[in-house]
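Observations on the three-dimensional arrangement
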Amino acid sequence: MNADQLELLAAAEAAAENSYSPYSKFAVGAAIRWSDGAVDTGTNVENLSYGLTLCAERSAVVAGVSSGQRKWQEIAVWVAAEQLAFPCGACLQVLNEFAAVDCHVILGGKGQQPVLKHLTDFLPNPFTADLG
Ligand code: THU
């Protein structure tokens, strides 16, 4: 884990402070670094209907793509609890859409040793299709 990756994790931790999670009380923050070096953050945004809840990772992706980003290098995910959380399946497929080949996933939580992974560790066989 290098200094830039720890900095990204700190940005994810800060983003978790904005979590809107009145139902689960499980605050998550994400910070994503794009290929041009820009960083966007996101947090989980829950909804009374539950099913409309948006995860922190997808919030971060949507923030960057909305400003023109298309390729990410690293994403850090922070859980405001004494545990690590691996990105959910929906987030993995969305992350895959914009992933650089050598992208990293950094996981952290309160009192937890940060973990460095590749997207393919979690999603070795993403959905792909030739829609042409
Ligand atoms: N959550 C995330 O933000 N990211 C994940 O990868 C898994 C789960 C959120 C959704 C919900 O607000 C809360 O964590 C509990 O599931």
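Definitions and limits used
Residues numbered from 1 in each chain as written. Predicted model: local features only at pLDDT ≥ 70, side-chain atom pairs only at ≥ 80, totals over all residues. Heavy atoms only, no water. Salt bridge = Lys/Arg side-chain N within 4 Å of Asp/Glu carboxyl O. Helix = DSSP H or I, 4+ residues; strand = E, 2+ residues; numbered from the N terminus. Buried < 20%, exposed > 50% of the residue type's maximum accessible area, 1.4 Å probe, protein only. Contact = heavy atoms within 4.5 Å. Near = heavy atom within 4 Å. Areas by Shrake-Rupley, 256 points an atom, 1.4 Å probe, with all protein chains shown as cover. Nonpolar A, V, L, I, M, F, W, Y, C, P; charged D, E, K, R; others polar. Pairing = 2+ DSSP bridges. Phe/Tyr/Trp six-rings, centres within 6.5 Å; stacked < 30°, edge-to-face > 60°. Core = buried A, V, L, I, M, F, W, Y, C linked by side-chain atoms within 4.5 Å.

**Re the pattern of salt bridges**
Throughout the structure, instances matching the rule amount to 1 salt bridge. Where glutamate 74 meets arginine 33, a salt bridge forms, and the shortest distance between an N and an O atom there is 3.4 Å. Here glutamate 74, found in strand S3 (residues 72-79), pairs with arginine 33, found in strand S1 (residues 28-34); they are 41 residues apart in sequence, far enough to count as distant. For the pair glutamate 74 and arginine 33, one class covers both residues: buried.

**A look at the environment of alanine 76**
Of note, alanine 76 is situated in strand S3. The exposure class of alanine 76 is buried, given its relative accessible area of 0%. Residues within four places of alanine 76 in sequence aside, it is in contact with Leu8, Leu9, Ala12, Gly29, Ala30, Ala31 and Ile106.

**Side note on the site of the ligand**
By nearness alone, every residue bordering the ligand is listed as Ser24, Phe26, Val28, Asn44, Glu46, Thr53, Cys55, Ala56, Glu57, Phe86, Pro87 and Cys88. Computed on the free molecule, the ligand has an accessible area of 370 Å², of which 78% lies beneath the protein chains in the complex. For the shell around the ligand, a count of residues per class yields 7 nonpolar, 3 polar and 2 charged.

**Let's talk about the pairing of strand S2 (residues 39-43)**
For S1 and S2, the ladder comprises 5 bridges, and the chain directions are antiparallel. Bridge pairing links arginine 33 to valine 39 in S2. Taken together, S1 and the strand that follows it, S2, pair antiparallel across an intervening segment of 4 residues, in which glycine 37 is found at a positive phi of about 95 degrees.

**Regarding the packing of aromatic side chains**
Scanning the model with the defined rule gives 2 aromatic pairs in all. Measuring from ring centre to ring centre gives 5.1 Å for phenylalanine 86 and phenylalanine 122, while their planes differ by 50 degrees; the resulting arrangement is tilted. Of this pair, phenylalanine 86 sits in the loop between S3 and helix H3 (89-97) while phenylalanine 122 sits in helix H4 (residues 119-122), and the two are 36 residues apart along the sequence.

**Describing the pairing of S1**
With 7 of its 7 residues buried, S1 lies for the most part within the structure. Burial along S1 is two-sided: the residues Val28, Ala30, Ile32 and Trp34 and Gly29, Ala31 and Arg33 are all buried. The pairing of S1 with S3 spans 7 bridges and is classified as antiparallel. Counterpart to alanine 30 in the pairing with S3 is valine 77.

**Structural notes on helix H2 (residues 56-66)**
Along H2, the residues that are buried comprise Ala56, Glu57, Arg58, Ser59, Ala60, Val61 and Gly64. On its buried face, H2 is in contact with S1, S2, S3 and H3. Count one or two residues on from H2 and you reach glycine 68, which has phi positive near 105 degrees.

**Comments concerning the nonpolar core**
Of all hydrophobic cores here, the largest spans 20 residues; its most connected members are Ile32, Trp72, Ile75, Leu95, Val105 and Leu119. If you list the elements that add at least two residues to this core, you get S1, H2, S3, H3, strand S4 (99-109) and H4.

**Some remarks on unusual backbone geometry**
Look at lysine 25: it is not a glycine, yet its phi comes out positive at around 55 degrees. You can see lysine 25 is positioned in the loop between helix H1 (3-16) and S1. Notably, tyrosine 50 is not glycine yet its phi reads approximately 60 degrees, a positive angle. Relative to the assigned elements, tyrosine 50 resides in the loop between S2 and H2.

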